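Here's the letter readout for the chains.
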Amino acid sequence: EIRLRQALPENSLQVHYQPQLNLRTGQLHSVEALTRWDHPELGSISPGCFIPLAEECGVIGELGMWVINQSCSDLRQWREQGLNVPAVSVNLSPTDFRDPTLPTRIKQRVDAHGLQPLDLVLEITEVVLLDRHPDTLRTLRTLAQLGFRLSLDDFGTGYSSFNYLRELPVSEIKLDQSFVADLDSDPVAEALAEAVCRIGAALSLAVVAEGVTQAHHIEKLRQLGFTAAQGFYYTGALQAQALAVWLKQHRLAQSVHSA
Ligand code: C2E
Ligand code: MG
Ligand code: MG
């Protein structure tokens, strides 16, 4: 906890980005910001370990704004290099939404970098929705009214309820990676993945598959109707500059000028 509190001022946290590719156009859909912590003595510490710690010890609010600021700055720089990166997807924690000033603070960050709310996708998990704190739903609705897109992460795990799709102004569903991993071996996983795609299509939501590791997953996901896919098959999360190189190598995100 002490080291985590020092990590932000010491600059030992970094944001890496994992591309999501549109399965229809082959172009970039978005890039997901994933925080990395390389501690000089402890080595690399996984988000699965430090994010829950940050939530517990109250550092998560500061960390979330830092990730948004960094993501906006990197998005701006990619665009200045002629890369047409459509958006950055940032993970937010359930406790962030209890703060009614969150939408204004995020909007200020986005404005400060000369970006638009549409440039940011905010990934939330259903834990946000299980939190019946009265401000949570209001905060989510305000964010959507300001033009930020909300994405429902890890969909299909836990208590995924259709009611969330009714109550919430989401514009994207991310099917949990466990479904993709079982696509080959489990006809039930495939049937459910297809059903989620149909729901997405009926509600005009983008549907993104996480955890794609095999070439044949891509064809299957396209047939099932997924909008986009993300996973080690393409690449893991990369540093901002390494992502720019990767995008150029793969002729992705080319703007009209640099094409
Ligand atoms: P997530 O948002 O569901 O992110 C996807 C996770 O799956 C990432 O793990 C990513 O590296 C990993 N992944 C990507 N492709 C593949 C694949 O093909 N196979 C497998 N097995 N895994 C893949 P990571 O970076 O360790 O992050 C874990 C979780 O920590 C994230 O899950 C997210 O919930 C949370 N997290 C990461 N960064 C942040 C952050 O800045 N803020 C908040 N609030 N949460 C974060
Ligand atoms: Mg996510
Ligand atoms: Mg996920």
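What comes next is a walk through the structure. (Residues numbered from 1 in each chain as written. Chains lettered and ligands numbered in written order. Predicted model: local features only at pLDDT ≥ 70, side-chain atom pairs only at ≥ 80, totals over all residues. Heavy atoms only, no water.)

## What about the coordination of the magnesium ion (ligand 3)?
Each pair of donors in an ideal four-coordinate tetrahedral metal site encloses 109.5 degrees, whereas pairs in an ideal six-coordinate octahedral site enclose 90 or 180 degrees. Defined as follows: Distances decide who is a donor: an N, O or S atom must be within 2.8 Å of the metal, or within 3.2 Å for Na, K and Ca. Water is not included, so sites may look incomplete. Buried means the residue's accessible area, taken with a 1.4 Å probe over protein chains only, is under 20% of the maximum for its type, while exposed means over 50%, and partly exposed covers the values in between.
Every protein donor of the magnesium ion (ligand 3) is listed here as Asp 153 (OD), Asp 154 (OD), Glu 210 (OE) and Glu 210 (OE), and their distances to the metal cover 2.0 to 2.4 Å. Summarised as a motif, the one-chain spacing of the donors to the magnesium ion (ligand 3) is D-D-x55-E. The magnesium ion (ligand 2) is placed at 4.1 Å from the magnesium ion (ligand 3), the two being bridged by Asp 153. A residue is classified by how much of its surface remains accessible, and Asp 154, at 28% relative accessible area, is partly exposed.

## Points about the nonpolar core
The condition is simple: We call a set of buried Ala, Val, Leu, Ile, Met, Phe, Trp, Tyr and Cys residues a nonpolar core when their side-chain atoms join them within 4.5 Å. Residues are treated as being in contact if the distance between any of their heavy atoms lies within 4.5 Å.
Counting residues in hydrophobic clusters, the biggest one holds 77 residues, and the most contacted among them are Trp 78, Ile 106, Leu 120 and Phe 226. When neighbours within four sequence positions are excluded, Ile 106 is seen to be in contact with Met 65, Ile 68, Leu 92, Leu 120, Leu 122, Leu 143 and Phe 148.

## Thoughts on unusual backbone geometry
Our working rule: Where helices and strands are cited, they refer to DSSP runs of H or I of at least four residues and of E of at least two residues respectively, numbered from the N terminus.
Phi at Asp 154 is positive, roughly 55 degrees, even though this residue is not glycine. Considering the arrangement of structural elements, one finds Asp 154 in strand β6 (residues 149-155).

## Quick look at the side chain of Glu 210
Residue position: Glu 210 is located in the loop between β8 (206-209) and α10 (215-224). If near-sequence neighbours (up to four positions away) are discounted, Glu 210 is found in contact with Asp 153, Asp 154, Lys 174, Leu 175, Asp 176, Gln 177, Val 180 and Gln 230.

## Notes on the coordination of the magnesium ion (ligand 2)
Only Glu 32 (OE), Asn 91 (OD1), Glu 123 (OE) and Asp 153 (OD) from the protein coordinate the magnesium ion (ligand 2), and they sit 2.0 to 2.2 Å from it. Since its relative accessible area comes to 7%, Asp 153 is described here as buried.

## Description of the site of ligand 1
Put simply, the rule is: Any residue with a heavy atom positioned within 4 Å of a molecule or strand is treated as near that molecule or strand. Two N or O atoms form a polar contact when they lie within 3.5 Å of each other; inside protein one atom must be a possible hydrogen donor and the other a possible acceptor, and for residues adjacent in sequence the pair counts only when both atoms belong to side chains. Note on areas: these come from Shrake-Rupley sampling with a 1.4 Å probe, and a residue is covered only by the protein chains present in the view. Computed over the protein atoms alone on a 1 Å grid, cavities are sets of points where a 1.4 Å probe fits but cannot get out and pockets are open sets with protein on both sides within 12 Å along at least five of seven lines; a residue lines them when it has an atom within 4 Å of a point. Cavities and pockets are treated as containing a molecule whenever more than half of the molecule's atoms lie within 2 Å of their grid points. Residues are grouped as follows: Ala, Val, Leu, Ile, Met, Phe, Trp, Tyr, Cys and Pro are nonpolar; Asp, Glu, Lys and Arg are charged; every other residue, Gly included, is polar.
Near ligand 1, the surroundings consist of 21 residues, among which Thr 35, Arg 36, Asn 91, Asp 153 and Phe 232 are the closest. Thr 35 has a polar side-chain atom sitting 2.5 Å from an oxygen atom of ligand 1. If ligand 1 stood free it would expose 800 Å²; the protein chains cover 79% of that surface. Taken atom by atom, the bulk of ligand 1 overlaps the largest pocket. Counting only elements with at least two residues in the shell around ligand 1, the list comes to β2 (28-39), α2 (47-56) and β6. At four residues, β2 tops the list of elements feeding residues into the shell around ligand 1. The class makeup of the residues in the shell around ligand 1 is seven nonpolar, eight polar and six charged.

## Things to note about helix α9 (residues 187-202)
As a reminder, the rule being used: A helix is expected to span 1.5 Å for every residue after the first. Here the arc refers to the directions that run from the helix axis out to each C-beta atom.
With 16 residues, α9 should reach 22 Å at 1.5 Å per residue; the first-to-last C-alpha distance of 23 Å fits that figure. Turning to α9, its buried residues number three or more, namely Ala 189, Ala 193, Val 196, Cys 197 and Gly 200. Axial view of α9: buried residues confined to an arc of 100 degrees, hence all on one face. Among the exposed residues of α9, those pointing more than 90 degrees away from its buried face are Pro 187, Val 188, Arg 198, Ala 201 and Ala 202. Looking at the buried side of α9, the elements it contacts are β6, β7 (172-175), α8 (177-181), β8 and α10. With a side-chain oxygen lying 2.9 Å from the backbone nitrogen of Val 188, the N-terminal cap of α9 falls on Asp 186. Where α9 terminates, the next one or two residues include Ser 204, which has phi positive at roughly 55 degrees.

## So, the packing of aromatic side chains
Spelled out, the test is: Stacked, edge-to-face and tilted are the three classes for Phe, Tyr and Trp ring pairs, Trp counted by its six-membered ring, which pair at centre distances within 6.5 Å; planes under 30 degrees apart are stacked, over 60 edge-to-face, the rest tilted.
All chains considered together, the criterion is met by three aromatic pairs. An angle of 85 degrees between the planes, with centres 4.8 Å apart, marks the rings of Tyr 17 and Trp 78 as edge-to-face. Taken as a pair, Tyr 17 in strand β1 (residues 13-22) and Trp 78 in helix α3 (residues 60-80) lie far apart in primary sequence, 61 residues in all. Here the two residues Tyr 17 and Trp 78 agree in accessibility, since each one is buried.

## Quick look at the pairing of β1
Counted only if it meets this: Whether two strands pair depends on DSSP finding at least two bridges between them.
The element β1 is largely enclosed, with a buried count of nine among its 10 residues. Pairing geometry for β1 and β2, over nine bridges, is antiparallel. Following the sheet pairing, Gln 18 is matched in β2 by Glu 32. Connecting β1 to the antiparallel partner β2 that follows it, the hairpin turn spans five residues, and Gly 26 within it adopts a positive phi of roughly 75 degrees. For β1 and strand β10 (residues 238-239), the ladder comprises two bridges, and the chain directions are antiparallel.

## A word on the pattern of salt bridges
As a reminder of what qualifies: What makes a salt bridge here is a side-chain nitrogen of Lys or Arg within 4 Å of a carboxyl oxygen of Asp or Glu, nothing more.
Under the counting rule described, the total for this entry stands at 13 salt bridges. Across the salt bridge formed by Arg 5 and Glu 1, the nearest N and O atoms sit 3.2 Å from each other. You can call Arg 5 partly exposed: its relative accessible area is 43%. With a shortest N-O distance of 3.1 Å, Arg 198 and Glu 194 are connected by a salt bridge. Placement of the pair is Arg 198 and Glu 194 together in helix α9, with a separation of four residues, close to one helical turn. For Arg 198, a relative accessible area of 58% gives the class exposed. The exposure class assigned to Glu 194 is partly exposed, which follows from its relative accessible area of 28%. Residues joined in a network through salt bridges with shared partners are Glu 32, Glu 123, Lys 174 and Glu 210.

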